[in-house]
Structure formats: C-alpha cells, structure tokens
Amino acid sequence: MKKIVLASQSPRRAEILKKAGYYFVSFPVFISEIPNENLSLDEQIIDIAKRKALACLDLCPDKNPSNIILASDTMVCLENSAIGKPENEQDAFDTLKKLSGKMHEVKTAIILLDQGAGQSGPEVTSHIETSQVFFKNLRDEDIWDYIKTGEPMDKAGSYAIQGLGGKFVEKFVGDYNNVVGLPLSALEKIFTSKNWSFEKSALSQIKAKLNADQHLLAVSKLQPLEKIRELVSQGQKAFGENYIQEALEKIEALKDLNLEWHLIGPIQKNKVKYLKNNFAYLHAIDSLELAELVSKKASEIGHVQKVFIQVNLANEATKAGFDESSVLAAWDKLTQLAHIKIVGLMTMPPLQNQALDNQVHFKKLKTLADRLQVKELSMGTSHDYEVALKEGATWIRIGTVLFGERQKVK
Ligand SMILES: *Cc1c(COP(=O)(O)O)cnc(C)c1O
C-alpha cells in the first residue's frame, strides 16, 4: 500500500482527495512560484509543480519508501498567457472583464514522486491536464457584486468555479475537478498504470459498488456528531436515524450542513406529532393505521411525505408489520392516502441470518415491488449490503461499517 503526501496547502485539493476516499498527509511547501520565462507555458506549470514536489521531498521528515509525493500547480490561461491571482479589487475586475464572454483554459500540472523507486533519487511522473471554461457575458455590476464577496481575491483567474463564481460559467469541457485544482481522473489513471494501491475510506469503497440508481444511507443512530461531520467532509449527504427524539436533536445541531435525513426505525403512534417535514423519507411504515396518521399529520402542514412500506418477509411471529399478503390487501387504501407518497418497499431480515440467507428475502421484496409498481428498494445493512445490491437495492442502510460500533442504547 502506498501513501500520499500532498505537497499543497490548498484546502480545495485536500477536499477533492478526501472526497475520493484517500487518506493522506499534507505537507505544504513554500517556494517561489515565479515562472521560468524560457519555457513554454505547459513546461512552466510543470516546472513549478516539480519545484514544489522536490521541496517536499527535501523537507518532509517522513522518508517512508511507500510514500508518493503529490504536487500540483494550476494556471488559468487566456489566449495562451497565464493569469495569476489578483493583486487588488481593480485587478480582479479587469481579469473578470477579460474573461467575460470568452473561452479560457485551466491547466493543472501534477508531479508524482515515488520515494521507493528510482536509482538515483525518486522516480518522477508528470502530467498536465487542460480544461476549457466558457464564461457568460458578464455585466459590470455583477462583477463588482462578486468581488465584494471576497471570493475572487485568492484565486487564480479571480474566480472559483466551485463557489459563487460558478454562476459566471456557461459550460466547461473536461474534468470539473481539474478546474477546481486537481485532475482526479487523470491522477487515478496514473495510479492504475503504475499499479499503486492506496488505502481508501469505507465510504468510498462502498460507493464504488453502487450503480447510478443505487444510494447509500449512512445510519448514524447512536453515533456522535463528530463522526457524522467527518463523513459529511468525505461527501456524504444522506443520513438515517431510528429514534425520533435523537434524530430531531441531530437535525437541529447539524442544520448548517444541509443534510438529507431519513427515519428508518419504527414510529410509535404517539410520536407522529413530531413529524413535520424534517425527514425526506420514512422507511418503516408498517401498518395502515400508521400510514393514515402520517398522512393526516402531513396534510395539516400542507406536505406530502415520501415513505417506504416496510414488509416483513421472514414471517417471524415476533415482528409486527405487513407481511406479503397483508401489504397486498392494504395496498389500495395505502395508495389512496393523499399526503403520503409511497416510493418503494423496505425490509429488515432477521439479524442472525448469514448474508446469503437474506438473498431470498431481497429477491422477494424486488418481485413484490415490481408487482406493486414502485421503484425504490430499501434493503441491505453492513453485513449483507453486497447481496442486496446484487438483488437491486436502491437504498442500502449502512451503520457499523461506516461509523464503527454504536454506543449502547441509552
Ligand atoms: C441500525 C439499522 C441499520 C444499520 O445496521 P448496521 O448493521 O450497523 O449497518 C440499518 N437499518 C435499520 C432499520 C437499522 O435499525
């Protein structure tokens, strides 16, 4: 396993790597970024990235041969000349005025130093990635409004595509991450061609197994807020909670993050009053009576609540809720409730089962959903999600594998 040492202080590059699931250490270096005018534009950018990489190699105390030093440099180029960071607000204005209505290029050079390879010094790999960005025609007052936000002042080209500056962009061609500052897909191609493997986060490993219709719900019940924040920083948005009270506290504490919350646990009838439109989905509607109460509550606030109908396919005597025949019997009444929208079915097979034992339940749920003509299938947890994905799950609900063991029930 290789480890990335990121020779950069850019929070944007770190964020791209983190969201892609890499663990890395940052070792920012400070070098003169004055380009060597004797070189072509592409060579100048590669040269600056290489100086950063070599400075990192020199100064970083960690000389582990499995380290890969990653350095990069981004330039915004208009008509083949580089545009740097603005010196002041007027300079930012002049730059944006020049970019207005035109295409410009964003070039990022990456340099990789393999500390474990090479005869005399590390093996060097370099790549330069070019993307094209087309700006709309900008009005002077919109440019000034943007400058007043402060965002342009530390950005090459005086804008940030991932920020408010995104609204100036008509379209772009190439890797979006490259325009932000790190050409991730080119980088990963190099990793593959070199046969380098890296330890990756559980989140990214699970996400790599999903197709376009499949989503990951991170089940955060009985997990602390810091762990949720950590997953959010890795790019996760949808979280599932079991207990209404705990969920409402977390929703309030994390409201600045704009997360999507799902309630996946059973809902006691006396708790329905707490349901406003705080949950995007309820996964555990397990009786007609509960569905009616939820619909009534939603109608009071002019809301349509999206729900899954929970089906108990193992026919365990101990589990309440719909079994296959009772859900068919209740279906007409369920679908007539005006203030719930049934998006799909959910199941929670017996916990003691082996993953493969659950395959028959997942198959049954899929067949039932097809028959009832609903699309979403909420099925699969930490120990059996791979089987569930194979059987067509559209929402897997994963707790332990993402967060580690839960705290004990209060
Ligand atoms: C707790 C819980 C999960 C997550 O289980 P893990 O084994 O931690 O992945 C999924 N679905 C429901 C309904 C749960 O209660």
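Definitions and cut-offs
- Residues take numbers from 1 onward in each chain, read along the sequence in its written order.
- Thresholds applied to this predicted model are a pLDDT of at least 70 for local features of residues and 80 or more for the giving and counting of side-chain atom pairs; totals over whole chains, interfaces and linings are not thresholded and use all residues.
- Side-chain metrics rest on all non-hydrogen atoms present in the structure, leaving aside hydrogens and water.
- In this text, helices come from DSSP runs of H or I with a minimum length of four residues, and strands from runs of E with a minimum of two, each type numbered from the N-terminal end.
- Working definition: with a 1.4 Å probe on protein chains only, accessible area under 20% of the residue-type maximum means buried, over 50% means exposed, and in between means partly exposed.
- Only heavy atoms matter for contacts: two residues are in contact if any of them lie within 4.5 Å across the pair.
- Per-residue accessibility takes into account occlusion by the displayed protein chains alone, with areas from the Shrake-Rupley method and a 1.4 Å probe.
- This count recognises Lys and Arg as positive and Asp and Glu as negative, with His and chain-terminal groups excluded.
- To locate a charge, the coordinates of NZ of Lys, CZ of Arg, CG of Asp or CD of Glu are taken.
- In this text, near means that some heavy atom of the residue lies within 4 Å of the molecule or strand in question.
- Think of a polar contact as two N or O atoms within 3.5 Å of one another; within protein, one of them needs to be a possible hydrogen donor and the other a possible acceptor, and neighboring residues in sequence only count if both atoms come from side chains.
- Amino acids are sorted into nonpolar (Ala, Val, Leu, Ile, Met, Phe, Trp, Tyr, Cys and Pro), charged (Asp, Glu, Lys and Arg) and polar (every other residue, Gly among them).
- Classification of ring pairs uses Phe, Tyr and Trp, with its six-membered ring standing for Trp, and accepts pairs whose centres are within 6.5 Å; under 30 degrees between planes counts as stacked, over 60 as edge-to-face, and the remaining range as tilted.
- Two conditions define a charge located above a ring, namely a distance within 6 Å from the ring centre to NZ of Lys or CZ of Arg, and an angle within 35 degrees of the ring normal.
- A domain assignment, automatic or from a database, supplies the domain bounds used here.
- Put simply, buried area is the surface a 1.4 Å probe can reach on two separate parts but cannot reach once they are joined, added for both.
- By convention in these notes, a salt bridge is any Lys or Arg side-chain nitrogen within 4 Å of a carboxyl oxygen on Asp or Glu.
- Axis definition: a line fit to C-alpha positions, over the contact stretch in the case of helices; interaxial angles, taken between N-to-C directions, run 0 to 180 degrees.
- Orientation is classified from the angle alone, with under 35 degrees giving roughly parallel, over 145 giving roughly antiparallel, 65 to 115 giving roughly perpendicular, and any other angle giving oblique.
- Should the near helix be turned anticlockwise from the far one by less than a right angle, the crossing is termed left-handed; should it be turned clockwise, right-handed.

(A) Looking closely at the overall build of the protein chain. Counting its secondary structure elements, the protein chain contains 14 helices and 15 strands. Projected onto the principal axes, the alpha-carbon positions of the protein chain cover approximately 80 × 55 × 40 Å. Across the 410 residues in the protein chain, those meeting the buried criterion constitute 49%. Excluding contacts between residues fewer than 6 apart, the proportion of contacts in the protein chain whose partners are at least 24 apart in sequence is 64%. Accessible area of the protein chain: about 20,000 Å², with a carbon and sulfur share of 50%. One finds the centroid of the 52 positive side-chain charges in the protein chain at a distance of 4 Å from the centroid of its 52 negative side-chain charges.

(B) Representation of the site of the ligand in the model. The full set close to the ligand counts 13 residues, and Lys-221, Asn-242, Ser-382, Thr-400 and Arg-406 are the nearest of them. Measuring from an oxygen atom of the ligand, one finds a side-chain N or O atom of Ser-382 at 2.6 Å. Between the ligand and Thr-400 there is a distance of 2.5 Å, counted from an oxygen atom to a side-chain nitrogen or oxygen. When the free accessible area of the ligand is taken as 390 Å², the share hidden by the protein chains comes to 88%. By residue class, the composition of the shell around the ligand is 5 nonpolar, 5 polar and 3 charged.

(C) The arrangement of the packing of aromatic side chains in detail. Inspection of the entire model under this criterion finds 12 aromatic pairs. When the ring of Tyr-281 is compared with that of Trp-395, the centres are 6.0 Å apart and the planes differ by 55°; the resulting orientation is tilted. Within this pair, whereas Tyr-281 is found in strand S11 (residues 281–285), its partner Trp-395 is found in strand S15 (residues 395–398), the two being separated by 114 residues in sequence. Here a set of aromatic residues connected by ring pairs shows up, and it is made of Tyr-22, Phe-191, Trp-196 and Phe-198. Positioned over the ring face of Tyr-22 is Lys-200, at 4.6 Å from the centre of the ring.

(D) Geometry of the domain arrangement of the protein chain. The domain architecture assigned to the protein chain consists of domain 1 (3–193) and domain 2 (202–403). Just the C-alpha atoms count here: the centres of domain 1 and domain 2 sit 41 Å apart. Contact residues are listed per partner, giving 5 residues for domain 1 and 6 residues for domain 2. Where domain 1 abuts domain 2, roughly 410 Å² becomes buried across the two surfaces, and 46% of that area is made up of carbon and sulfur atoms. Our enumeration of links across domain 1 and domain 2 arrives at 1 salt bridge. Inspection of the domain 1/domain 2 interface yields 1 residue pair in polar contact (both at pLDDT 80 or more).

(E) How the structure looks around the packing of helix H3 (residues 89–99) against helix H4 (residues 140–148). At a minimum axis separation of 10 Å, H3 and H4 run at an interaxial angle of 135°. On the basis of the axis angle, H3 is oblique to H4. Considering the relative orientation of H3 and H4, their crossing is right-handed. Counting all contacts with H3, which are made through Glu-89, Gln-90, Ala-92, Phe-93, Leu-96 and Lys-97, the residues of H4 involved are Asp-140, Ile-143, Trp-144, Tyr-146, Ile-147 and Lys-148.

(F) Structural view of the pattern of salt bridges. Within the structure shown, the criterion is met by 26 salt bridges. Among the salt bridges present, the one from Asp-73 reaches Lys-52, with a minimum N-O distance of 3.3 Å. Pair noted here: Asp-73 is in strand S3 (residues 67–78) and Lys-52 is in helix H2 (residues 41–59), with a separation of 21 residues, a long-range link. In this pair, the class of Asp-73 matches that of Lys-52, namely buried. Between Lys-255 and Glu-252 there is a salt bridge; the shortest N-O distance is 2.6 Å. Of the residues examined, Lys-255 reaches a relative accessible area of 53% and is grouped as exposed. Judged by relative accessible area, which is 48%, Glu-252 ranks as partly exposed. Via salt bridges that share partners, Glu-33, Lys-52 and Asp-73 belong to a single interconnected network.

(G) Structural view of the side chain of Asp-73. Look at Asp-73 and you get buried, because its relative accessible area is 5%. Only 3.3 Å separates the side chain of Asp-73 from the side chain of Lys-52, close enough to count as a polar contact. Those residues within four positions of Asp-73 in sequence are excluded, and the remaining contacts are Arg-13, Glu-33, Ile-45, Ile-48, Ala-49, Lys-52, Lys-107, Thr-108 and Ala-109.

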